[in-house]
Amino acid sequence: MSQLAQRPENPVVGVPMPHESAALHVTGAALYTDDLVHRTKDALHAYPVQVMHAHGRITALHTEPALSVPGVVRVLTAADVPGVNDAGMKHDEPLFPDTVMFYGHAVCWVLGETLEAARLGAAAVVVELDEQPALITLAEAIAAESFHGARPTMHCGDVDAGFAESAHVFSGEFQFGDQEHFYLETHAALAHVDEGGQVFVQSSTQHPSETQEIVAHVLGLHSHAVTVQCLRMGGGFGGKEMQPHGFAAIAALGAVHTGRPVRLRLNRTQDMTMSGKRHGFHAEWRVGFDADGRLLALAATLTADGGWSLDLSEPVLARALCHIDNVYWIPNARIAGRIAKTNKVSNTAFRGFGGPQGMLVIEDILGRCAPLLGLDPAELRERNFYRPGQHTPYGQEVLGAERISRTWREVHEQGDLARRRQEIAEFNAAHPHTKRALAVTGVKFGISFNLTAFNQGGALVLIYKDGSVLINHGGTEMGQGLHTKMLQVAATTLGIPLHKVRLAPTRTDKVPNTSATAASAGADLNGAAVKNACEQLRARLVQVAAGQLGADAADVRIAAGIARSLGSDRELDWDALVGMAYRQRVQLSAAGFYRTEGLHWDAQAFRGTPFKYFAYGAAACEVEVDGFTGAYRIRRVDIVHDVGDSLSPLIDIGQVEGGFVQGAGWLTLEDARWDTGDGPGRGRLLTQAASTYKLPSFSEMPEVFNVTLLENATEAGAVYGSKAVGEPPLMLAFSVREALRAAAAAFGPAGAGVRLGAPATPEAVYWAIEAARAGGSPTPDTGGIHTDASTLSSV
């Protein structure tokens, strides 16, 4: 075990405790970015001028009518940008565009004394447009060969030989939709300029350093002239990793030009129509199995719907390719990826960051092929698990592969699956119009940013003369409990009670050049950096204590706020020790840093070791489906998930539960619809609110929901032996969709296979039931699975 992972006796990490802001959240006392406007004098309000066409060149922009609206102060346009007119890192996202690229694209912004004045001013702006043809669907983009960005290919083994050796070869295609983040707090920013020209931006952002960088280059300033702070976010889920930057830049630009604070907050409809979502994907595939149902070869092309600009589509696609294997060893593979350019919002990061899309493809393949192979889906999955010593298609050894089988076995035991399967069979035999089913799926998710440079974290820890401690780190809090874990890490490392430690809001003038709080790496990177800073401070204090206790520094221990030397009953209180250190002029602040070791990645060859480790898990889901409507309910879910040695068990269980629910929403409920007709509304998002976009609620969640954290699961290379927990649990929800597939199949003859839409809405489940009743024929809107002619006799 590494020194990073070792825990002292009686650590504060590992102790179940509530979120550090839980009381503030439930009482309404917690402040978010937009709450700060009420504490800001003379703030102006920004409102977008959105063009309600999917594609067209702006031929004229008439802003004069807005200025005649009472209360309108200014209209911001491209002419007001002193620096670079771009809000993206790829320089393909003009802050003020001359071409409308999606329905609802904002082309300029109105500043008003009140929000209503700004809204009326925006409505008065006249935009003349030369409309252009628009590509809305993935199918349209593929047919038009409209692609942008890199087109990577991942390969291993000999795919042609693998297919030649296969006893069973199947091919098919699969398309699944995008997902709206629907964070409770929409995009928001508040900016002002101080007397020295320093630009200060409060932003609801997962990536303050990048927000700082974008604001600076829009304003034509160096980064040291811009400070960005994120107090907390009301949810982010990846949607606030890249896309807050432009909104922060608008607020900052307005503040610079007017000399007054500027507040920008999107309403829900604006947020949904202007911000990107999880990438929808299309997959074409061909798969080969041996006579025992073991995977021999996979060839696939994954096409991501990138929207109008690249944003994070390239790394999202890369992670999808890196996760198409999930928990299964594929000795021969060739997986190609590409990004479709469509006239829709620019799709972006979303919890799992492409991993769920890649993993869904292989899970759908196995779910569809199992009946054709004459195997129970759970048996087919288990036969193909990674074993120790095997490598991924991109060349990384799957260390800890035994945990795949271990979590699988434990979820079977704890969920009593053997008995329940028998009960389900008896229920189905007695109920012709209602069926139940149970499915089990596993998860293997790589932890680290694919781009090696992002795998670094920083912290600044201050000890004051009275013994109190203040932590600054580069991670942001979006409700996931990162700050809670950092408090526990600091208290554990310094050997003091938790109440001695406070955490400051995340801001760029305390910890510079930070990575986004993303990739599930927030606790790994920032926790190690906090630990590093605290170890520096503890080492200095131990020297002071050794002198006072008359002991060797190597024999001094600090625990529960008391310094003691081994073999002696002498002790020194923490507060007194800190006071002594101050009087001896010992530095009581330290900057911590951490870089993840052992990573390397060749993006061109698509090979390397991009991940520090893998997080594992397994979920069993039981559903009940109505044969007349396709309506269903989730009766029970059992999860065993690997978080290493948990830093904060209550936080981690909450993350597992929340991730599963969000995954179930994506896979079964959340059906984003766009106007694909040829009328004036072409390209319009039709599901613009919770009234039309179905989100998971209590009524859709399991009646019985059991979550167990894998025990004795230390991760030797991570802070205090823990593992990431933010993203991996989302993919546990594959079990819901596979259970729905099995339930639909139960309405047909034994061994019937069905194709199930994604999301598996009640409508999609109904069509799958109808297909099962017809003997497993294709559903009307999705086509079917194809069996190579050479293998027809074997299936």
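Given the structure is predicted, the values throughout are model-derived calculations rather than measurements.

(A) Highlighting the sheet that holds strand β9 (residues 188-193). As summarised here, the arrangement of the 8 strands in space is β3-β5-β1-β12-β9-β10-β11-β20, forming an open sheet in which the pairing is mixed. Lying at the two open borders of the sheet, with one neighbouring strand each, are β3 (72-76) and β20 (506-507). In the sheet, strand β11 (residues 226-230) pairs with β20 via 2 bridges, with the strands oriented antiparallel. Within the sheet, the bridge partner assigned to Cys230 lies in β20 and is Thr506. Strands in contact with helix α6 (residues 208-219) are β10 (199-203), β11 and β20; relative to β11, the strand with the most contacts, it is inclined by about 145°.

(B) Fine view of the confidence of the model for the protein chain. Overall, the prediction assigns the protein chain a mean pLDDT of 96, with 98% of residues at 70 or greater. In this model residues 777-784 is a low-confidence stretch, pLDDT under 50, and it forms 12 contacts with partners more than four residues away in sequence or in other chains. The model gives residues 788-795 a pLDDT under 50, and that stretch makes 13 contacts with residues more than four places away or in other chains.

(C) Highlighting helix α7 (residues 244-258). Taking 1.5 Å of rise per residue, 15 residues should cover 21 Å, and α7 covers 21 Å from first to last C-alpha, within 8% of that figure. Among the 15 residues in α7, 12 count as buried, and that is most of the element. For α7, the full list of buried residues reads Pro244, His245, Gly246, Phe247, Ala248, Ala249, Ile250, Ala251, Ala252, Leu253, Gly254 and Ala255. Of the residues one or two after α7, Gly259 is the one with positive phi, at around 75°.

(D) Representation of helix α10 (residues 355-373). With 19 residues, α10 extends 27 Å from end C-alpha to end C-alpha; this agrees with the ideal 27 Å at 1.5 Å per step. Burial analysis of α10 places 17 of its 19 residues in the buried class, the great majority of the element. Where α10 terminates, the next one or two residues include Gly374, which has phi positive at roughly 70°.

(E) Molecular detail of the environment of Tyr464. Along the chain, the position of Tyr464 falls in the loop between β17 (456-463) and β18 (469-473). Its relative accessible area of 39% is what places Tyr464 among the partly exposed residues. In this structure the C-alpha to C-alpha distance between Tyr464 and Arg403, which are 61 residues apart in sequence, comes to 44 Å. Once residues within four sequence positions are removed from consideration, Tyr464 is found in contact with Leu470 and Val578.

(F) A look at unusual backbone geometry. A cis amide bond links Ala758 with the next residue in sequence, Pro759, at an omega value of 10°. Along the chain, Pro759 falls in the loop between α18 (734-745) and α19 (762-773). The backbone phi angle of Asp416 is positive, close to 50°, even though this residue is not glycine. Relative to the helices and strands, Asp416 is located in the loop between α12 (402-414) and α13 (417-430). Its relative accessible area of 32% is what places Asp416 among the partly exposed residues. Look at Arg585: it is not a glycine, yet its phi comes out positive at around 60°. Position of Arg585 among the secondary structure elements: in the loop between α16 (574-583) and β24 (589-595). Exposure remark for Arg585: the relative accessible area of 79% places this residue in the exposed category.

(G) Geometry of the packing of helix α17 (residues 649-668) against α18. Packing of α17 against α18 leaves a shortest axis separation of 8 Å and a crossing angle of 40°. The orientation of α17 with respect to α18, classified from their angle, is oblique. Of the residues in α18, those in contact with Phe660, Ala664, Trp666, Leu667 and Thr668 of α17 are Phe734, Ser735, Val736, Arg737 and Leu740. Here the contact of α17 with α18 is built from residues that sort into 7 nonpolar, 2 polar and 1 charged.

(H) Expanded view of the layout of surface pockets. In this structure, the second largest pocket spans a volume of roughly 990 Å³. Around the second largest pocket, the lining is made up of 36 residues, and of these Gln175, Phe176, Gly177, Asp671 and Ala758 lie nearest the centre. When its residues are assigned to classes, the lining of the second largest pocket shows 16 nonpolar, 10 polar and 10 charged.

(I) Quick peek at the environment of Met274. Topologically, Met274 is positioned in helix α8 (residues 268-274). A sequence separation of 224 residues divides Met274 from Gln50, and the C-alpha atoms of the two residues are 8.8 Å apart. Not counting residues up to four positions away in its chain, the partners in contact with Met274 are Pro48, Gln50, Phe102, Gly104, Ala106, Trp109, Gln243, Phe247, Leu266 and Val345.

(J) Up close: the pairing of strand β28 (residues 632-641). For β28, a buried count of 8 out of 10 residues is recorded, marking the element as mostly surrounded by other parts of the structure. In the sheet, strand β27 (residues 613-626) pairs with β28 via 9 bridges, with the strands oriented antiparallel. In the strand pairing of β28, Glu624 is matched with Arg633. In sequence, β27 turns back onto β28 through a hairpin of 5 residues, with Gly630 there showing a positive phi of about 80°. Where β28 and strand β29 (residues 704-709) come together, 6 bridges link them in parallel fashion. Looking across to β29, one finds that Val640 is bridged to Thr708. Once the chain exits β28 it traverses α17 before rejoining the sheet at β29, and the crossover so formed is right-handed.

(K) Spotlight on the packing of aromatic side chains. What the rule picks out here adds up to 16 aromatic pairs. With a centroid separation of 6.0 Å and 80° between ring planes, the pair formed by Tyr394 and Phe611 is classed as edge-to-face. Within this pair, whereas Tyr394 is found in the loop between α11 (377-383) and α12, its partner Phe611 is found in the loop between β26 (607-609) and β27, the two being separated by 217 residues in sequence. The burial state of Tyr394 is the same as that of Phe611; both residues are buried. The ring of Phe427 is capped by Arg436, whose NZ or CZ atom sits 3.7 Å from the centre of that ring. One residue, Lys531, lies across the ring of Tyr720, its end atom 5.2 Å from the ring centre.

(L) Seen up close, the sheet that holds β24. Overall, mixed pairing links the 4 strands, which are arranged β19-β18-β17-β24 in an open sheet. At either end of the open sheet lies a strand with only one pairing partner, and these are β19 (501-503) and β24. Between one strand axis and the next, the sheet turns through 25° on average, direction left out of account. Relative to β19, β18 runs parallel, the two being bridged by 3 bridges. What sits directly across from Leu470, in β19, is Arg502.

(M) Fine view of empty space enclosed by the protein. Summed over the entire model, instances satisfying the criterion amount to 5 cavities of 30 Å³ or more. The volume enclosed by the largest cavity comes to roughly 360 Å³. What lines the largest cavity is a set of 20 residues, and nearest its centre among them are Ala87, Glu93, Phe247, Met274 and Trp308. Listed by contribution, the elements that provide at least two residues to the lining of the largest cavity are β5 (105-112) and α7. The residue makeup of the lining of the largest cavity, split by class, is 12 nonpolar, 6 polar and 2 charged. The volume enclosed by the second largest cavity comes to roughly 70 Å³. Along the walls of the second largest cavity sit Ile447, Ser448, Asn455, Ala521, Asp524, Leu525, Tyr594, Thr596, Lys612, Tyr613, Gly717 and Ala718, which together make up its complete lining. Of the residues in the lining of the second largest cavity, the class split is 6 nonpolar, 4 polar and 2 charged.

Rules used in this analysis
- Residues numbered from 1 in each chain as written.
- Predicted model: local features only at pLDDT ≥ 70, side-chain atom pairs only at ≥ 80, totals over all residues.
- Heavy atoms only, no water.
- Pairing = 2+ DSSP bridges.
- Helix = DSSP H or I, 4+ residues; strand = E, 2+ residues; numbered from the N terminus.
- Contact = heavy atoms within 4.5 Å.
- Axes fitted to C-alpha atoms, helices over the stretch in contact; angles between N-to-C directions.
- pLDDT = per-residue confidence, 0-100.
- Expected span 1.5 Å × (residues − 1).
- Buried < 20%, exposed > 50% of the residue type's maximum accessible area, 1.4 Å probe, protein only.
- Parallel < 35°, antiparallel > 145°, perpendicular 65-115°, else oblique.
- Nonpolar A, V, L, I, M, F, W, Y, C, P; charged D, E, K, R; others polar.
- 1 Å grid on protein atoms, 1.4 Å probe; cavity = no way out; pocket = protein on both sides within 12 Å on 5 of 7 lines; lining within 4 Å.
- Points joined across faces, edges and corners; volume = space filled by probe spheres on them.
- Right-handed = clockwise from strand over helix to strand, strands pointing away.
- Phe/Tyr/Trp six-rings, centres within 6.5 Å; stacked < 30°, edge-to-face > 60°.
- Lys NZ or Arg CZ within 6 Å of the ring centre and 35° of its normal.

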